[in-house]
Structure formats: structure tokens, C-alpha cells
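# Fold and contact review
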Amino acid sequence: MKWGEYLKWLDKNRNREERHSKAIVEEVARVHDFSVDNVRIFPRRKISGLEFDLLLEYKTPVKETERNVGITYMPYKKTREEKILGIEFKEDKFITAVEQAIKRRPYVDYIYVAALAPLEVWNLTGFFQLIYYGIGLVGWTYNGKALCLIKSSCRVRHRMRYFVFEDLVAKVVEALHKSELYFDRVESKLKAQQKLDLGVNG
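These lines cover the structure that appears in this document, whether it is placed above or below. (Residues numbered from 1 in each chain as written. Predicted model: local features only at pLDDT ≥ 70, side-chain atom pairs only at ≥ 80, totals over all residues. Heavy atoms only, no water.)

## Looking at the packing of helix α3 (residues 94-104) against helix α4 (residues 124-133)
To be explicit about the condition: Helix axes use the C-alpha atoms of the stretch in contact, all axes being lines fitted to C-alpha atoms, and the angles between their N-to-C directions lie in the range 0 to 180 degrees. Helix and strand assignments come from DSSP, with helices taken as H or I runs of at least 4 residues and strands as E runs of at least 2, each series counted from the N terminus. Angle categories: roughly parallel below 35 degrees, roughly antiparallel above 145, roughly perpendicular from 65 to 115, and oblique for all the rest. Left-handed is the label given to a crossing in which the near helix is rotated counterclockwise from the far helix by less than a right angle, and right-handed is the label when the rotation is clockwise. In this description, contact between two residues means that some pair of their heavy atoms is separated by no more than 4.5 Å.
Axis separation between α3 and α4 bottoms out at 10 Å; the angle between their running directions is 20°. Between α3 and α4, the crossing angle belongs to the class labelled roughly parallel. For the crossing formed where α3 meets α4, the hand is left-handed. Contacts between α3 and α4 pair F94, I95, V98 and I102 from the former with G126, F127, Q129, L130 and Y133 from the latter.

Printed below as a string of C-alpha cells:
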């Protein structure tokens, strides 16, 4: 289905974990540089018996590549690639979402866990697993804000590459810091607005 059709589908069929999927999909689209208006969407779709909460099929932006012909190079050729991106939504049980994403990792080019912030309640072991398997992470809040904290790496390029412990720690710390700065600002703005509302209504 198209983006507009998906939004209508959400109005009728969404569950608690899917209620902010609009903001989550828009954030993933921003990170991977594609338009939600040019994507095919498959909610609750199975691949090889495994159900994905959401699958997105899109084409990468046009890029120019050289073609090697013998000993010379032909002019640049514009190319696009079709990609499949999966998203697993979770309000709680973060480590369960990570385990589900690991099982589904081989079947898509990119995959994300979209979990409720703040990160204090998230399992650090899950963070290390996400990074090791090239799985992305989007944090979301009840007021509809979403932020990509870890970008998913491409299935082909990732190849479960070896990480030294320091690299894993650095990526986890970066994600935690990014989350703290962003969601603290969101919470501060919300509290300021609440005070303003109380002042106006008082």
C-alpha cells in the first residue's frame, strides 16, 4: 500500500505499539534519504514464516557510477537500487524486540527496533547486540517524537563484522548521549508548555 493508504489503515487497525509509527517511519525515511510518498508499505507481513511488524520497499536515491569498459571508463550511469527495510515496534520488553530483530535480520536489507524512550529502562546487552548485527534503533515517546539513535547497516556490507570491545562501547555511549540530549529537550518543552497552559487556564 502507499503512504496515504497506510495512514488510513493505521486509523482503523493500529495497536498500542504502532500508534506513533507515522513519526517512526518518517524518521527512518529521513535517515535513509527516501520519501515516504515513494515507498510501498506492508504492515504485519510474513517472510519465510516470520512476521514483520512493518516492511518498507523503496528505491535508493539516484547515484552516478562509472562503467569500466576494457581499459577505458564510459560516462557516468545513473542507477537506483531497490531496498527492503523492516521495523519491529516495542513499547516494553526491549530485549525481546532485539531477539526478534536478530532472527529477521537475514531477510531484509535494513532493520530497526523502534522502542519507547527513555533509554534508562533499556538493556545494555541489547545495545551491543543491535550494533553487532547491524540493527538500527529508533527511540519514540508518548507525545509522538521519534529519533534514530543507531543507524542500521546494510545486510550485504555489514557481514557481521568483528568489533573490538572499545568500538562497541563507543557506539553505545554515543547512542545514549544522543538520546539523553534529544529527549531531555522534548521533556523540557513539554513541561514548559504545560506550565504555560496552566497559567493561561488558571
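Once the structure has been displayed, the description carries forward.
## Points about the side chain of D53
Selection rule: Residue exposure (1.4 Å probe, protein chains only): buried if accessible area is under 20% of the type maximum, exposed if over 50%, otherwise partly exposed. Here Asp and Glu are counted as negative and Lys and Arg as positive; His is not counted, and neither are the chain ends. A pairing counts as a salt bridge when a side-chain nitrogen of Lys or Arg comes within 4 Å of a carboxyl oxygen of Asp or Glu. Two N or O atoms count as a polar contact when they lie within 3.5 Å, although within protein this holds only if one can serve as hydrogen donor and the other as acceptor, and sequence-adjacent residues are included solely when both atoms are side-chain atoms.
Summarising the element assignment, D53 is placed in strand β2 (residues 50-59). One buried charge, D53, has no salt-bridge partner; the nearest side chain with opposite charge is K90, at 5.3 Å. Within polar-contact distance, the side chain of D53 engages the backbone nitrogen of F89 at 2.8 Å. Ignoring sequence-local partners within four residues, the contact set of D53 consists of E18, P43, R44, I87, E88 and F89.

## Brief notes about the nonpolar core
When a protein is soluble and globular, its nonpolar side chains tend to lie buried together. Basically, it comes down to this: What makes a nonpolar core is a set of buried Ala, Val, Leu, Ile, Met, Phe, Trp, Tyr and Cys residues whose side-chain atoms join them at distances within 4.5 Å.
Counting residues in each nonpolar core, the largest one holds 28 residues, and the members touching the most others are I24, L54, L56, L85, I87, Y112 and V138. Those elements giving two or more residues to this core turn out to be α1 (3-13), α2 (21-32), β2, β5 (82-90), β6 (110-116), β7 (136-140) and β8 (146-150). Here this core takes five residues from α2, the largest share from any one element. What L54 contacts, discounting residues up to four positions off in sequence, is Y6, V25, I41, F42, P43, R44, L85, G86, I87 and F89. In terms of nonpolar packing, the next biggest core, distinct from the first, is built from 19 residues, F42, A101, L130 and I135 among them.

## As for the pairing of strand β1 (residues 40-47)
For clarity, the cut-off: At least two DSSP bridges between two strands are required for those strands to pair.
Here seven bridges tie β1 to β2, and the two strands are oriented antiparallel to one another. In the strand pairing of β2, K46 is matched with E51. Hairpin remark: β1 followed by β2, antiparallel, with two residues in the connecting loop; positive phi at S48, about 50°.

The analysis is restricted to geometry; functional conclusions fall outside its scope.
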